[in-house]
Amino acid sequence: MKQLYENWRRRIKEVSYMPGGVSMPAGKASSPCPQGEEQNGFHPDGRPFCRPKPEMKEKKKLFQKAKIQPYNFDWGLLSEEGKEVIETRKEIVDFIRNNPDQPIHIDKPRGSTKKFGGKKKITLPFDYGEWPNLINPADNMGWDLIIVPSATKEDENLIPVGYVAYNENKPSAMFNDKIIIAPDGKHDPEDRKLIKSVFDQMDYFDNPVWY
């Protein structure tokens, strides 16, 4: 993957200095993505994966522990409403492990149905929702969460125990991962079995990953 990236950068630099090519500053390649999008990794064949840039308001709210700057030094920019953009799955997992008592909104309770961007309605054996104040730039909405079937929103210390990710069969949804949480990180084989049974029904999800 590193070699593919270096080859791409070298090719961009060569093209930029060819007769009739577009001039650009030496040592810095232009973005391979259309205007309004940003690169977030690569496809397996080496093509850059582009996604819409997260929309941020011009005014930023001061973070309480960084009183003189509109920045949370640990996790990123804060919007006017106090919502926080957390860029990657690793960052949201680390954040919730250290700050488990975040507000949770359950929009699909256990027993309801959800399509996950497909056509088939799937009955959920777990509570599905989001952290409304922690924004995933993949869709500019709260990071999605799954509470293991043996637990509920009312349980304390709900921390990440795994995740489910879209694959290249639905590239427009990639990076909109679902974080699986459990009280004190405790769950059982039946929890894993039930969650896997849901996502086995869709070919655009990879198998759940457990920590």
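As the structure is a computational prediction, the values presented were derived from the model and not from experiment. (Residues numbered from 1 in each chain as written. Predicted model: local features only at pLDDT ≥ 70, side-chain atom pairs only at ≥ 80, totals over all residues. Heavy atoms only, no water.)

Enquirer: So what about the environment of arginine 47? Which residues, and what values?
Expert: Summarising the element assignment, arginine 47 is placed in the loop between strand 1 (37–42) and strand 2 (48–52). On the basis of relative accessible area, arginine 47 is assigned to the partly exposed category, the value being 45%. Residues arginine 47 and proline 32, spaced 15 residues apart in sequence, show a C-alpha to C-alpha distance of 9.2 Å. (Helix = DSSP H or I, 4+ residues; strand = E, 2+ residues; numbered from the N terminus. Buried < 20%, exposed > 50% of the residue type's maximum accessible area, 1.4 Å probe, protein only.)

Enquirer: Hey, could you go over the side chain of asparagine 167 for me, with residue numbers and the actual values?
Expert: Tracing the sequence through the fold places asparagine 167 in the loop between strand 11 (158–164) and strand 12 (178–183). Within the structure, the side chain of asparagine 167 is placed 2.9 Å from the backbone nitrogen of asparagine 169, a separation counted as a polar contact. In terms of polar contacts, asparagine 167 uses its side chain to reach the backbone carbonyl oxygen of phenylalanine 205, at 3.4 Å. The contact partners of asparagine 167, leaving out residues within four places of it in the chain, are Met174, Asp203, Tyr204, Phe205 and Asp206. (Polar contact = N/O pair within 3.5 Å; in protein donor to acceptor, adjacent residues only side chain to side chain. Contact = heavy atoms within 4.5 Å.)

Enquirer: Now, about the side chain of glutamate 130: what can you tell me, with residues and values included?
Expert: Position of glutamate 130 relative to the elements: it lies in strand 9 (residues 127–136). The side chain of glutamate 130 is buried and forms no salt bridge, while lysine 83, the nearest opposite charge, is found at 6.9 Å. Within the structure, glutamate 130 has its side chain in polar contact with the backbone nitrogen of glycine 142 (distance 3.4 Å). With sequence-adjacent residues up to four places away left out, glutamate 130 is seen in contact with Pro103, Ile104, His105, Met141, Gly142, Trp143, Asp144 and Leu145. (Lys, Arg positive; Asp, Glu negative; His and termini not counted. Salt bridge = Lys/Arg side-chain N within 4 Å of Asp/Glu carboxyl O.)

Enquirer: Kindly report on the pattern of salt bridges, identifying the contributing residues and their values.
Expert: As enumerated under the stated definition, the model contains four salt bridges in all. Here aspartate 177 makes a salt bridge to arginine 89, at a shortest N to O gap of 2.7 Å. Of the two residues, aspartate 177 sits in the loop between strand 11 and strand 12 while arginine 89 sits in helix 2 (residues 89–98), which places them 88 residues apart along the sequence. The exposure class assigned to aspartate 177 is buried, which follows from its relative accessible area of 5%. Since its relative accessible area comes to 28%, arginine 89 is described here as partly exposed. Where aspartate 144 meets lysine 178, a salt bridge forms, and the shortest distance between an N and an O atom there is 2.8 Å. Placement of aspartate 144 in strand 10 (residues 141–147) and of lysine 178 in strand 12 is noted, with a sequence separation of 34 residues between them.

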